[in-house]
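Results of the structural survey
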Amino acid sequence: GSTGGVSTRGGSTGGDSTRGVSTRGGSTGGGGGVVADQVVHAVPVAASAQQVVDKMVATVNAGVRTDLITYSDLVWQLALQPNTQLDNPTSQDLNHALRLLIDQRLILQEAEKIPTIVPTQKEVSDARDDLARNFASVPEFQQRLQRVGLITEKLDEIIEQRLKMEKYLDFRFRNFVVISQKEIADYHRDVYVPRFRSQFPGRIIPTLEQARAEIEKTLMEAKIESEIDAFLGTARERAEIVMLSSV
């Protein structure tokens, strides 16, 4: 399921994800904190030898520190999304990536207040393998990384940040969501049965008991998504988000 794009499990965090925080669904961004000397450097962003000068795009401060988002962060975000073009990315794609990265920074700053959720190296390695499976082949995945200058160390840093965010979202939201039996029964009657009848006319409709686990998962993901959206809405209002250049 996808929690508004902030998938903490499998889910649909691809190019259309709202948050893109999944290590398993296929999109996220990277980057750490602001460096004292904000060095302008060249980042390869196309299959040719052309390079563009990296630029500072935005800063995000949720009361913990100021995080810098650069153009290279946006391109790395796009590289980790299957079926997203890397040559001359559109303004729409770049701005979508920017929105994802801002939300990720807000979650990450909250997550880092809890030191117990640091991922293990095995978790990072497993998540890297899961990410690669979202692409047609491992060579294609590696080629995309090379085209945007995303080295292994940086990729692992990005994945570690994702895992921190997932663990935080589990800690903050998933562990406290409760779905009542009435909610499950109402959903089965009002949504599940009519939809099943429409999609599979003539087939035997699963009973409430047969569909209970699936419905509970659906309702849980929807409730978590709503909670996360509310959390991010509040976080955006409180944070200092400064746009430094347009993309």
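Residues numbered from 1 in each chain as written. Predicted model: local features only at pLDDT ≥ 70, side-chain atom pairs only at ≥ 80, totals over all residues. Heavy atoms only, no water.

1. Details of the overall build of the protein chain
Inclusion rule: The helix and strand labels rest on DSSP assignments: H or I over at least four residues marks a helix, E over at least two residues marks a strand, and numbering proceeds from the N terminus. Relative accessibility decides the category of a residue: with a 1.4 Å probe and only protein chains considered, values under 20% of the type maximum give buried, values over 50% give exposed, and everything between is partly exposed. Note on contacts: a residue pair is in contact if any heavy atoms of the two residues lie within 4.5 Å. All accessible-area figures derive from a Shrake-Rupley calculation using a 1.4 Å probe, and residue coverage is judged against the displayed protein chains alone.
For the protein chain, the helix and strand inventory stands at seven helices and five strands. For the protein chain, the succession of helices and strands along the chain, N to C, is β-β-β-β-α-α-α-α-α-α-α-β. Here the protein chain holds 247 residues, and the buried ones make up 47% of them. Expressed as a percentage of contacts within the protein chain between residues at least 6 apart in sequence, the contacts between residues at least 24 apart total 69%. Element-wise, carbon and sulfur atoms account for 52% of the exposed surface of the protein chain, whose accessible area totals about 12500 Å².

2. Comments concerning the pairing of strand E4 (residues 66-70)
The condition is simple: One requirement defines pairing of two strands: DSSP has to find at least two bridges between them.
Across the five residues of E4, four count as buried, placing the element largely inside the fold. Following strand E3 (residues 56-61), the chain reverses through four residues before pairing antiparallel with E4; glycine 63 in that reversal takes a positive phi of roughly 95 degrees.

3. Structural notes on the sheet that holds E4
For clarity, the threshold we go by: An axis is simply a line fitted to the C-alpha atoms; with a helix, the fit covers only the stretch in contact. Between two such axes, the angle follows the N-to-C directions and lies from 0 to 180 degrees.
The strand order across the open sheet built from three strands is E4-E3-E5, with neighbouring strands paired in antiparallel fashion. A single partner strand is all that each edge strand has here, and the edge strands are E4 and strand E5 (240-243). Along the sheet, successive strands turn relative to each other by an average axial angle of 15 degrees, direction set aside. Of the pairings in the sheet, the one linking E3 to E4 comprises five bridges and is antiparallel in character. Bridging from a neighbouring strand, methionine 56 pairs with threonine 70 of E4. Relative to the sheet, helix H1 (residues 71-79) contacts E3 and E4, its axis offset from that of E4 by approximately 70 degrees.

4. Quick look at helix H7 (residues 208-238)
In plain terms, the rule: To estimate how far a helix should extend, the number of its residues minus one is multiplied by 1.5 Å. What the bend at a residue measures is the angle between two axes, fitted to the seven residues ending there and to the seven starting there.
Under the 1.5 Å per step criterion, the end-to-end length of H7 is 43 Å for 31 residues, consistent within 8% with the ideal 45 Å. Where H7 bends most, the angle comes to about 35 degrees, and this point is glutamate 214. Where H7 is concerned, the buried positions are Ala211, Arg212, Ile215, Leu219, Met220, Glu221, Ile224, Ile228, Phe231, Leu232 and Ala235. The elements touched by buried residues of H7 are helix H2 (91-111), helix H5 (152-172) and helix H6 (181-199).

5. Describing the nonpolar core
How we decide: Only buried residues count toward a nonpolar core. Its members are Ala, Val, Leu, Ile, Met, Phe, Trp, Tyr and Cys residues joined through side-chain atoms within 4.5 Å.
The biggest cluster of nonpolar side chains holds 57 residues, and the ones touching the most others in it are Leu74, Leu80, Phe141, Leu150, Leu155 and Tyr168. Only E3, H1, H2, helix H3 (121-132), helix H4 (138-147), H5, H6 and H7 provide two or more residues apiece to this core. Aside from chain neighbours lying at most four places away, what touches leucine 74 is Val57, Ile69, Leu94, Ala97, Leu98, Leu101 and Val247.

6. Some thoughts on the packing of aromatic side chains
Short version of the rule: Stacked, tilted and edge-to-face are the three classes assigned to paired rings of Phe, Tyr and Trp, where Trp is represented by its six-membered ring and a pair needs centres within 6.5 Å; plane angles under 30 degrees give stacked, over 60 edge-to-face, the rest tilted.
Counted under the stated rule, the structure contains five aromatic pairs. Ring centres of phenylalanine 135 and phenylalanine 141 lie 5.0 Å apart, and the angle between their planes is 40 degrees; this geometry places the pair in the tilted category. Classification of phenylalanine 135 by relative accessible area gives buried; the value is 6%. Taking relative accessible area as the criterion, phenylalanine 141 reaches 4% and is therefore assigned buried. A centroid spacing of 6.2 Å and a plane angle of 15 degrees characterise the contact between tyrosine 192 and phenylalanine 196, whose relative ring orientation is stacked.

7. Comments concerning a nonpolar patch on the surface
Put simply, the test is: Surface patches are drawn from residues lacking salt bridges whose relative accessible area is over 30%; two like charges belong together within 9 Å, two nonpolar side chains (Val, Leu, Ile, Met, Phe, Trp, Tyr) within 5 Å. Salt bridges are defined by distance alone: a side-chain nitrogen of Lys or Arg within 4 Å of a carboxyl oxygen of Asp or Glu.
Taken together, the side chains of Met56, Val242 and Leu244 define a hydrophobic patch exposed on the protein surface, amounting to about 210 Å² of accessible area. A relative accessible area of 30% places valine 242 in the partly exposed class.

8. Some details on the confidence of the model for the protein chain
Here is the rule we go by: The predictor's confidence in any single residue is recorded as pLDDT, a number from 0 to 100.
Taken as a whole, the protein chain shows an average pLDDT of 82; of its residues, 79% reach a score of 70 or greater. The secondary-structure element of the protein chain with the lowest mean pLDDT is strand E1 (residues 42-44), recorded at 38, while H6 shows the highest, at 97. Within the model, the stretch residues 1-19 combines pLDDT values under 50 with 72 contacts to residues more than four positions away or in other chains. Low pLDDT, under 50, characterises residues 22-52; the stretch is placed with 111 contacts to residues that sit more than four places away or in other chains.

9. Digging into the packing of H6 against H7
Condition: Should an angle fall under 35 degrees it is called roughly parallel, over 145 degrees roughly antiparallel, and 65 to 115 degrees roughly perpendicular, with every other angle called oblique. Residues are sorted three ways: Asp, Glu, Lys and Arg are charged, Ala, Val, Leu, Ile, Met, Phe, Trp, Tyr, Cys and Pro are nonpolar, and all the rest, Gly among them, are polar.
Running from amino to carboxyl end, H6 crosses H7 at an angle of 100 degrees, the nearest separation of the two axes being 9 Å. By the angle between their axes, H6 is roughly perpendicular relative to H7. Listed contacts from H7 to Gln181, Glu183, Ile184, Ala185, Tyr187, His188 and Tyr192 of H6 are Leu208, Ala211, Arg212, Glu214, Ile215, Glu216, Thr218, Leu219 and Lys223. Counted by class, the contact of H6 with H7 contains eight nonpolar, three polar and five charged residues.

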